[in-house]
Amino acid sequence: MIGQRRHFQVAHRPRNDDESILPLINIVFLLLIFFMVAGQLSAVDPFEVEPVESAVDGQPGPDEFMVIVGTEGRLAVNQDETDLEGMMILVREHLGRHGDAARVRVKADGRAEAVEVVGILERLREAGVERIDLLTVPET
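Figured I'd write up the structure that's included with this text. (Residues numbered from 1 in each chain as written. Predicted model: local features only at pLDDT ≥ 70, side-chain atom pairs only at ≥ 80, totals over all residues. Heavy atoms only, no water.)

As a further point, take the pattern of salt bridges. Using the criterion set out here, one finds six salt bridges in the structure. In this structure, the salt-bridge partner of D133 is R103, at a minimum N-O distance of 2.7 Å. Here R103 lies in strand β5 (residues 103-108) and D133 lies in strand β6 (residues 131-138), a separation of 30 residues in the sequence. Classification of D133 as buried rests on a relative accessible area of 16%. What emerges from the salt-bridge pattern is a single network uniting E85, R123 and E126. (Salt bridge = Lys/Arg side-chain N within 4 Å of Asp/Glu carboxyl O. Helix = DSSP H or I, 4+ residues; strand = E, 2+ residues; numbered from the N terminus. Buried < 20%, exposed > 50% of the residue type's maximum accessible area, 1.4 Å probe, protein only.)

All right, on to helix α2 (residues 84-98) then. Helix length check: α2 (15 residues) gives 21 Å between terminal C-alpha atoms against 21 Å at 1.5 Å per residue, within 8%. Among all positions in α2, only G86, M87, M88, V91, H94 and L95 are buried. Looking at the packing, one finds that the buried side of α2 touches β2 (66-69), β3 (75-77), β4 (80-82), β5 and α3 (114-127). In the stretch just after α2, G99 is the one whose phi turns positive, near 60 degrees. (Expected span 1.5 Å × (residues − 1). Contact = heavy atoms within 4.5 Å.)

Turning to the environment of M66, a few remarks are in order. Tracing the backbone shows M66 in strand β2. Residue classification places M66 among the buried residues on the basis of a relative accessible area of 5%.

What follows covers the pairing of β5. When you tally the buried positions in β5, you get five out of six residues, the bulk of the element. Of the pairings in the sheet, the one linking β2 to β5 comprises four bridges and is parallel in character. Bridging from a neighbouring strand, I68 pairs with K107 of β5. (Pairing = 2+ DSSP bridges.)

See the structure below:
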């Protein structure tokens, strides 16, 4: 028996068509998970705002402190809807944390009354905000 070799035949089972698609399904799910994790989500405003158009082409930086002015007197601060007094309390807290470096970005609906937007800007100045950025979109 020492020099003899034995040959065994292994019976292969027939290949099913469904088995050939399983690796593809695995790859698709891995790609889906990758793009869900790697994708960047942007914050949604608490109500619809159509920004004012401007001839200046500038992109806003990362949102640090944002006041959103909507139509019909609607206000929001950092994604939370509030009223004028609530906005002023949050602005004072922001000024207390950041001092002279405090910056407030204002995103106003293009359909909002100009007098209302200017009133909000004046209240921010009265509170002590020295740097106010009014966000606009470039003219088309």
